[in-house]
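Close look at the chain arrangement
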Amino acid sequence: MATPSRRRIRPAVLPLAAFSVIALFPHAALACASCGCTLSSDWDNLGLGSSSGLKMDIRYDYLNQNQLRSGSSTISPGAASRISNNGDPQEVEKYTRNNYLTLGLDYSINPDWGVSLQLPYILRSHSTLGTASDGVTPGDGGGQYDSRTSSIGDLKLIGRYQGFTPEHNFGLMFGLKLPTGSHTDTAMSSDPGAPGPVPIDRGLQPGTGTTDAILGAYYMDTLNKDWDYFVQGIVQKALNSSDQYRPGDGANLNLGLRYMGNADFTPQIQLNVRRVLHDTGANADTVSTGGTLVYLSPGVTVPLSQQISVYGFVQLPVYQKVNGVQLAPRYTATLGMRYSF
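The model shown is predicted, which means the values in this text are computed figures rather than measured ones. (Residues numbered from 1 in each chain as written. Predicted model: local features only at pLDDT ≥ 70, side-chain atom pairs only at ≥ 80, totals over all residues. Heavy atoms only, no water.)

A look at the overall build of the protein chain
Scanning the protein chain from terminus to terminus reveals two helices and 17 strands. Put simply, the protein chain has 341 residues, and 53% of those count as buried. Long-range contacts, defined here as pairs at least 24 residues apart, represent 71% of the contacts in the protein chain between residues at least 6 apart. (Helix = DSSP H or I, 4+ residues; strand = E, 2+ residues; numbered from the N terminus. Buried < 20%, exposed > 50% of the residue type's maximum accessible area, 1.4 Å probe, protein only. Contact = heavy atoms within 4.5 Å.)

Comments concerning the pattern of salt bridges
Enumeration according to the criterion identifies six salt bridges in this entry. As a salt-bridge pair, D154 and K177 come within 2.6 Å of each other at their nearest N and O atoms. Taken together, the positions of D154 in the loop between β7 (145-152) and β8 (155-161) and K177 in strand β9 (residues 170-178) put the pair 23 residues apart, joining distant regions of the chain. Each member of the pair, D154 as well as K177, is classed as buried. (Salt bridge = Lys/Arg side-chain N within 4 Å of Asp/Glu carboxyl O.)

Thoughts on the nonpolar core
Listed in full, the seven residues of the largest apolar core are L68, I75, A80, V92, L129, V325 and L327. Not counting residues up to four positions away in its chain, the partners in contact with V325 are L68, R69, S70, I75, A80, I83, Q90 and S288. Counting residues in hydrophobic clusters, the runner-up holds five residues, among them I158, M173, I214 and I234. (Core = buried A, V, L, I, M, F, W, Y, C linked by side-chain atoms within 4.5 Å.)

Quick notes on the environment of D140
In this structure, D140 sits in the loop between β6 (113-128) and β7. On the basis of relative accessible area, D140 is assigned to the exposed category, the value being 62%. Expressed as a C-alpha distance, the spacing of D140 and D191, which sit 51 residues apart in the sequence, is 6.1 Å. With residues near it in sequence (within four places) discarded, D140 still touches A132, D191 and P192.

As for the pairing of strand β12 (residues 212-222)
In this sheet, β12 lies alongside β9 in antiparallel orientation, the contact comprising eight bridges. Note on β12: the bridge partner recorded for K177 is D212. Bridge count for β12 against strand β13 (residues 227-238) is eleven bridges, and the pairing is antiparallel. Residue pairing for β13: A213 is matched across the bridge by K237. Between the end of β12 and the start of β13, which pair antiparallel, lie four residues. (Pairing = 2+ DSSP bridges.)

So, the side chain of R274
Tracing the backbone through its elements, the reader meets R274 in strand β15 (residues 266-276). Although R274 is buried, it makes no salt bridge; D279 carries the closest opposite charge, 8.1 Å away. A distance of 3.4 Å separates polar atoms of two side chains, one belonging to R274 and the other to N252. (Lys, Arg positive; Asp, Glu negative; His and termini not counted. Polar contact = N/O pair within 3.5 Å; in protein donor to acceptor, adjacent residues only side chain to side chain.)

Observations concerning the pairing of strand β17 (residues 308-340)
Of the pairings in the sheet, the one linking strand β1 (residues 53-71) to β17 comprises 15 bridges and is antiparallel in character. Within β17, the position partnered with Q65 by the bridge is P329. Sheet topology places strand β16 (residues 291-303) next to β17; eleven bridges connect them, and they run antiparallel. Along β17, the bridge assignment pairs Y295 with P317. Where β16 folds back onto β17 in an antiparallel hairpin, the turn is made up of four residues.

Topic: the confidence of the model for the protein chain
Per-residue confidence for the protein chain gives a mean pLDDT of 86; residues scoring 70 or more make up 85%. A low-confidence stretch, residues 1-36 (pLDDT under 50), is modelled with 179 contacts involving residues beyond four sequence positions or located in other chains. (pLDDT = per-residue confidence, 0-100.)

Thoughts on the environment of D112
With respect to the element layout, D112 can be found in the loop between β5 (93-108) and β6. Given a relative accessible area of 27%, D112 falls into the partly exposed group. A C-alpha to C-alpha distance of 4.9 Å links D112 and Q162, two positions 50 residues apart in sequence.

Quick word on the packing of aromatic side chains
Summed over the entire model, instances satisfying the criterion amount to eight aromatic pairs. Plain terms: the ring middles of Y339 and F341 are 4.8 Å apart, the flat faces sit at 80 degrees to each other, and that makes the pair edge-to-face. You can call F341 exposed: its relative accessible area is 56%. Three or more aromatic residues joined by ring pairs form one cluster here, namely W113, Y161, F164, F170 and F174. (Phe/Tyr/Trp six-rings, centres within 6.5 Å; stacked < 30°, edge-to-face > 60°.)

Listed below in structure tokens is the structure:
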């Protein structure tokens, strides 16, 4: 175990990002399970003698879903177009490009209690061939469209208690995702048989329209004077439905290891596991949503001063099993900057 003085010094060089675990991340894409943003960068806020005070984090995440997958394998657009789901043709999506800019504020009231707020701004472009294509060319009446949206997403407010042990290295998280993001955005149809504005799929909206409960637990400790580790589990469940849509329940497990033996930078690596159930409701895609994802995420934090640090991660998929046919990313990238007041 590290000495108490060492624990108080460490947070000056670690990332913040206010409980962005997505599962605590913005709802991303029609196939929300394949969003991949399970990365946890809130190590600095949790346990190990966290001092009181306010921290601010600005984080950018890039997520390009441009690979069609079915089950645990890739699938060609042509093969996807020939799939029938209970008599209905499979939609063939081309891409969903997501850019998230997230403001995080974290306030530690004392070493036992803290609260975190996270508000994302989402820029998303999407293109689909609809349900009447051959995988290359859209067909009449398939509901094809191209969309581009930019607006705030759903706000998350998370409390934590970590007074169970003298080291403050075990804690519980509890909070809500609030429906601050729009779920009624429209796009222009590219179907010549049905021109004009059309609703964007609910899984692609900036918000879900629902209030979700968030509950989690974490444990942190030191292996020796140079190595730390953490384990974190989180579940998120919608408490209601909105306009005949309810996002699937999700659960995340994050395991992290970091090296503290260098004062100039702090390398770390995470294993991120995400499990999501199908979306439900008359306005949901009840076939091609949900799945199980496993990612390996190397990253580094660099302190610029006692108050400012920057961090970056690359998230690489090692296992992706999706329900139905979904777009999945080949990687995700994260950059962030944290300031301690």
